[in-house]
Amino acid sequence: MLEITNLHARVEEKEILKGINLTVRPGEVHAIMGPNGSGKSTLASILAGKNDYEVTEGSVEFNAKDLLELDPEERAGEGLFLAFQYPVEIPGVTNTYFLRSALNAIRKYRGDSELSPTEFMKHIKSKAAMMELDSTMLSRSVNEGFSGGEKKRNEIFQMAVLEPTLCVLDETDSGLDIDALKIVSNGVNTLRGPERGVLVITHYQRLLNYIVPDFVHVLMGGRIVKSGGRELALELEEKGYGFIEEEIAAKA
Amino acid sequence: MLDIKIANDPLLLDYEDRVRVNAVNGPEWFSEIRSKGFRAYSEFGVPTIRDEEFKYFPLNGISDWKLGHPYGVTLTREALEATGVGKIDAVTLVFINGEFSPELSSYDALPEGVFVGTLAEGAEGFEQVVKDNLAQIATYQGKLGSTNDPRFVELNNALLSEGAFVYIQKNQTLERPIHVVFVNRAEEKRFTVAPRLLVVLEENAEAKLLESHIGLGGDYLSIPVAEVRLAASARFEHDRFQQETLSAYHISNTFVHQEGKSVYTSNNVNFGGKSARNDVNAYVNGEYAETLLNGANVATGDQVLDNHTRIDHALPNCQSFEIYKSILKDNGVGVFNGKIFVYEDAQKTDAKQTNQAILLSPTATMNTKPQLEIFADDVKCTHGATIGQLRDDAMFYLRARGVPKAQAEAILVYAFAAEVLDKVTIEEAKSALEAVLFEKLA
Ligand SMILES: Nc1ncnc2c1ncn2[C@@H]1O[C@H](COP(=O)(O)OP(=O)(O)OP(=O)(O)O)[C@@H](O)[C@H]1O
Ligand SMILES: [Mg+2]
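For the structure given in this document, a descriptive report is provided here. Bear in mind the structure is a predicted one, so any value in this text is a computation, not a measurement.

Focus: the overall build of chain B
On a plain count of helices and strands, chain B comes out with 10 helices and 21 strands. Against the compact-globule benchmark of 22 Å for 442 residues, chain B has a radius of gyration of 21 Å, which places it among compact chains. Over its C-alpha atoms, taken along the principal directions, chain B stretches across nearly 65 × 50 × 45 Å. Put simply, 84% of the contacts in chain B that link residues at least 6 apart link residues at least 24 apart. For chain B, the exposed area adds up to about 17000 Å²; of that, 49% sits on carbon and sulfur atoms.

Rendered as structure tokens:
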């Protein structure tokens, strides 16, 4: 469903992605790990359509469409969802209003009719319950004054409401307490299914105990330098990134 | 008696005739206020952009208008209700082109210790209260600095006729909101109208009032003056909605006098007028008082929306918070001038002023001038101004969730202004204002 080929991107004069290749098929969960500043969030932002980055080479196909040609809202309409590493605060717009606008826009994009207010409320109430989200959060402004963990939980709540087909999670686990980590993982696992792809960016193997990946990739210096199964995450946890650097040096 | 300059002043045309009509309303002693106002205004005449206080507010458009007497226009209840705020459940006083409309007003069955009615009625029942306050609060006398320009206050005094009077006695709370509606409609003739409002709250009294200025057609000049006196521990919410016609001029002056521990909240909403100018002046003459001045402005087309605020902190331990927001589209012009005077005695003053503008087109402009004059040494005064476009990160967040660009913009613009409307606690007024805002931005 997602095919990234030789993707190069830069911001201002600085080259950040230097040839990423990655394929996600429906039903698969991929984890991306890598040191700080290696380009993980850049990759996620480019997928979602942030225009701060200039793609200089390569292509991204999503559902057989050229993803890079689509506006961010069209990507969401196609089924892409990015859970932000740093969710944005929007004072004056309630969570409920925000989600209703988003859900109805996506439905419209797909040619479905808008949900009635009652149907909508029923839908978000059930998702809020699943995410154990306090119902007062729904009437508060989007992320405004939310704690770090609450913001992350709110991202996954939004994802549950919008039911995307490709979920990209950028460090959703950082800032979560132990219970919240379970709730969030459970939310993601509920969405797992044969028609959905998941891409989790994380620094910690712990999350992968809950959201068990089919593949683990290591992103370093703007390239995927190593891929493997879930055991790769355990190895990284134990040895750090140093051993991969050595492997690369040895090959060179 | 009139010299040449005054005889040619478009705002004083037929002045002597007008006074004869105006004198029918209210007591004999109003004439002193009128003649004092006339003399003071006549010294200067219509301001030009060379006058510092009117630098961004060109009035040359009205210099060739012939502005006559506004009276004689009627309005049906349906027409009133068709306006955005025409159906609010409140103690209501309606003035049509300055003329009181008993048919459209409803102000009976008021609780003990509460008076809401016309100035003339008030001057009968509470002569001394009206005498002590009318044209007494609206003055710069005895205040620091000299840059304020009182000429439209003087002109309103010169044209004094009908008006609204609210008087809440000691320890009384009026639960129902008050709505004072000034509706203006110019037919063939252009006119000047001088709406007037006087509010007096005694010790520990409380009330909420919406002051609406609604234009239903034509070119005219409205120069309202509102005076508010809050005795110790009184609490007053003063919501103000200005939606004159897009060819009208609106120049308002609000003066507030606060005693200790009183709380004054002004929510000042401006969507109308070809050019609209509002001055809100609060003189805080007691300790531990709070002054909250909020403003939401939306200018489209060629509108000019000019807001001047002034807070005089004369005594210690008071707080003031001020947030003025403007949304400027097309060739819209916004002006904000915020003066804060902290007098020598006013130690421990805590004053915060914020001014924010969003420019939605490259030809929209905002002029901001904070003016803090501090003569005490132990005070906390801050001001901040931001002028910009919509936040990129918020735009991207909305779009990444599927909301199309134009809709995302509309949501963010609405939210920006709605933050101020949210401070209105008269629920029906708040939803009415939100609906008008929505329409204005569409
Ligand atoms: N808008 C930008 N302007 C300048 N530099 C940027 C910009 N965005 C990203 N970078 C740089 O690109 C590099 C990659 O950043 P990115 O956020 O993708 O890293 P990351 O792998 O997500 O790191 P972390 O694990 O800390 O979240 C960093 O060196 C960062 O400073
Ligand atoms: Mg990152």
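Concerning the coordination of the magnesium ion (ligand 2)
All names here are of chain A. Bound to the magnesium ion (ligand 2) are the protein donor atoms Ser41 (OG) and Gln85 (OE1), situated 1.9 to 2.2 Å from the metal. With Ser41 in helix H1 (residues 40-48) and Gln85 in the loop between strand E6 (80-83) and strand E7 (90-94), the pair connects residues that are 44 residues apart, well separated along the chain. With a relative accessible area of 25%, Ser41 lands in the partly exposed category. For Gln85, a relative accessible area of 16% gives the class buried.

Some details on the site of ligand 1
Residues and elements named next belong to chain A. Around ligand 1, the structure places 15 residues, and the nearest of them are Lys14, Lys40, Ser41, Thr42 and His203. One nitrogen or oxygen atom from the main chain of Ser38 is found 3.2 Å from an oxygen atom belonging to ligand 1. One nitrogen or oxygen atom from the side chain of His203 is found 2.9 Å from an oxygen atom belonging to ligand 1. Relative to its unbound accessible area of 640 Å², ligand 1 is 67% covered by the protein chains. Within the residue set of the shell around ligand 1, elements represented by two or more residues are strand E2 (14-24) and H1. A class-by-class count of the residues in the shell around ligand 1 yields four nonpolar, eight polar and three charged.

Regarding the packing of helix H9 (residues 231-239) of chain A against helix H10 (residues 242-251) of chain A
All names here are of chain A. Packing of H9 against H10 brings their axes to within 8 Å, and their N-to-C directions diverge by 105°. Considering their axes alone, H9 and H10 lie roughly perpendicular with respect to each other. Facing H9, whose interface residues are Leu232, Glu235, Leu236 and Lys239, H10 presents Gly242, Phe243 and Ile244. Partitioning the contact of H9 with H10 into residue classes produces four nonpolar, one polar and two charged.

Brief notes about the sheet that holds strand E10 (residues 197-201) of chain A
What holds strands together in a sheet is hydrogen bonding between their backbones, with the strands either parallel or antiparallel. Residues and elements named next belong to chain A. The six strands are arranged E6-E9-E10-E3-E11-E12 in an open sheet whose pairing can be described as mixed. Strands at the two margins of the open sheet, each flanked by one partner only, are E6 and strand E12 (223-228). Direction aside, the axes of adjacent strands within the sheet are offset by 20° on average. Here E6 pairs with strand E9 (residues 166-170) via four bridges, running parallel. Pairing of Phe81 across the sheet is with Cys167, part of E9. Taken strand by strand, H10 contacts strand E11 (215-220) and E12, and its axis lies near 105° from that of E12.

Re the interface of chain A and chain B
At the junction of the two partners, chain A supplies 30 residues and chain B supplies 17 residues. Between chain A and chain B, a total of about 1900 Å² is buried, with carbon and sulfur atoms accounting for 68% of that surface. Of all residues in chain A, the largest losses of buried area upon contact with chain B belong to Glu73, Phe84 and Val88 of chain A, amounting jointly to 26% of the total for that side. Here Asp71 of chain A and Arg399 of chain B are joined by a salt bridge, their closest N and O atoms 3.9 Å apart. Scanning the region where chain A abuts chain B turns up nine residue pairs in polar contact (both at pLDDT 80 or more). For the side of chain A that touches chain B, the secondary-structure elements that each account for two or more residues are H1, helix H2 (72-78), E6, E7, helix H3 (95-109) and helix H6 (148-162) of chain A.

Quick word on the packing of aromatic side chains
Centre distance and the angle of the planes are the two values used to describe a pair of aromatic rings. Following the criterion strictly, the structure yields 22 aromatic pairs over all chains and no others. With 5.3 Å between their ring centres and 55° between their planes, Phe95 of chain B and Phe100 of chain B make a pair best called tilted. Exposure class is identical for Phe95 of chain B and Phe100 of chain B. Each is buried. Pairing Tyr414 of chain B with Phe438 of chain B gives two aromatic rings, centres 5.7 Å apart and planes at 80°, and the pair type is edge-to-face. Of this pair, Tyr414 of chain B sits in helix H9 (residues 405-421) while Phe438 of chain B sits in helix H10 (residues 427-441), and the two are 24 residues apart along the sequence. With a relative accessible area of 52%, Phe438 of chain B lands in the exposed category. Taken together, the ring pairs in this structure connect Phe84 and Phe98 of chain A together with Phe396 and Tyr397 of chain B into an aromatic cluster. Taking the ring centre of Phe243 of chain A as reference, the NZ or CZ of Lys239 of chain A above it sits at 4.8 Å. Against the face of Phe54 of chain B rests Arg277 of chain B, its NZ or CZ located 4.6 Å from the ring centre.

Description of H3 of chain A
Residues and elements named next belong to chain A. In a regular helix each residue adds 1.5 Å, so 15 residues correspond to 21 Å; H3 covers 21 Å between its end C-alpha atoms and thus fits that length. For H3, the set of buried residues is Asn95, Thr96, Phe98, Leu99, Ser101, Ala102, Leu103, Asn104, Ala105 and Ile106. Count one or two residues on from H3 and you reach Gly111, which has phi positive near 85°.

Notes on the side chain of His179 of chain B
All names here are of chain B. Along the chain, His179 falls in strand E5 (residues 178-185). Using a relative accessible area of 3% as the deciding quantity, one classes His179 as buried. Aside from chain neighbours lying at most four places away, what touches His179 is Val85, Ile88, Ala90, Val91, Thr92, Leu93, Leu210 and Ser212.

The rules behind these values
Residues numbered from 1 in each chain as written. Chains lettered and ligands numbered in written order. Predicted model: local features only at pLDDT ≥ 70, side-chain atom pairs only at ≥ 80, totals over all residues. Heavy atoms only, no water. Helix = DSSP H or I, 4+ residues; strand = E, 2+ residues; numbered from the N terminus. Rg over C-alpha atoms; globule rule 2.2 N^0.38 Å. Contact = heavy atoms within 4.5 Å. Areas by Shrake-Rupley, 256 points an atom, 1.4 Å probe, with all protein chains shown as cover. Donors = N, O, S within 2.8 Å, 3.2 Å for Na, K, Ca; no water. Buried < 20%, exposed > 50% of the residue type's maximum accessible area, 1.4 Å probe, protein only. Near = heavy atom within 4 Å. Polar contact = N/O pair within 3.5 Å; in protein donor to acceptor, adjacent residues only side chain to side chain. Nonpolar A, V, L, I, M, F, W, Y, C, P; charged D, E, K, R; others polar. Axes fitted to C-alpha atoms, helices over the stretch in contact; angles between N-to-C directions. Parallel < 35°, antiparallel > 145°, perpendicular 65-115°, else oblique. Pairing = 2+ DSSP bridges. Buried area = accessible area lost by both parts, 1.4 Å probe. Salt bridge = Lys/Arg side-chain N within 4 Å of Asp/Glu carboxyl O. Phe/Tyr/Trp six-rings, centres within 6.5 Å; stacked < 30°, edge-to-face > 60°. Lys NZ or Arg CZ within 6 Å of the ring centre and 35° of its normal. Expected span 1.5 Å × (residues − 1).

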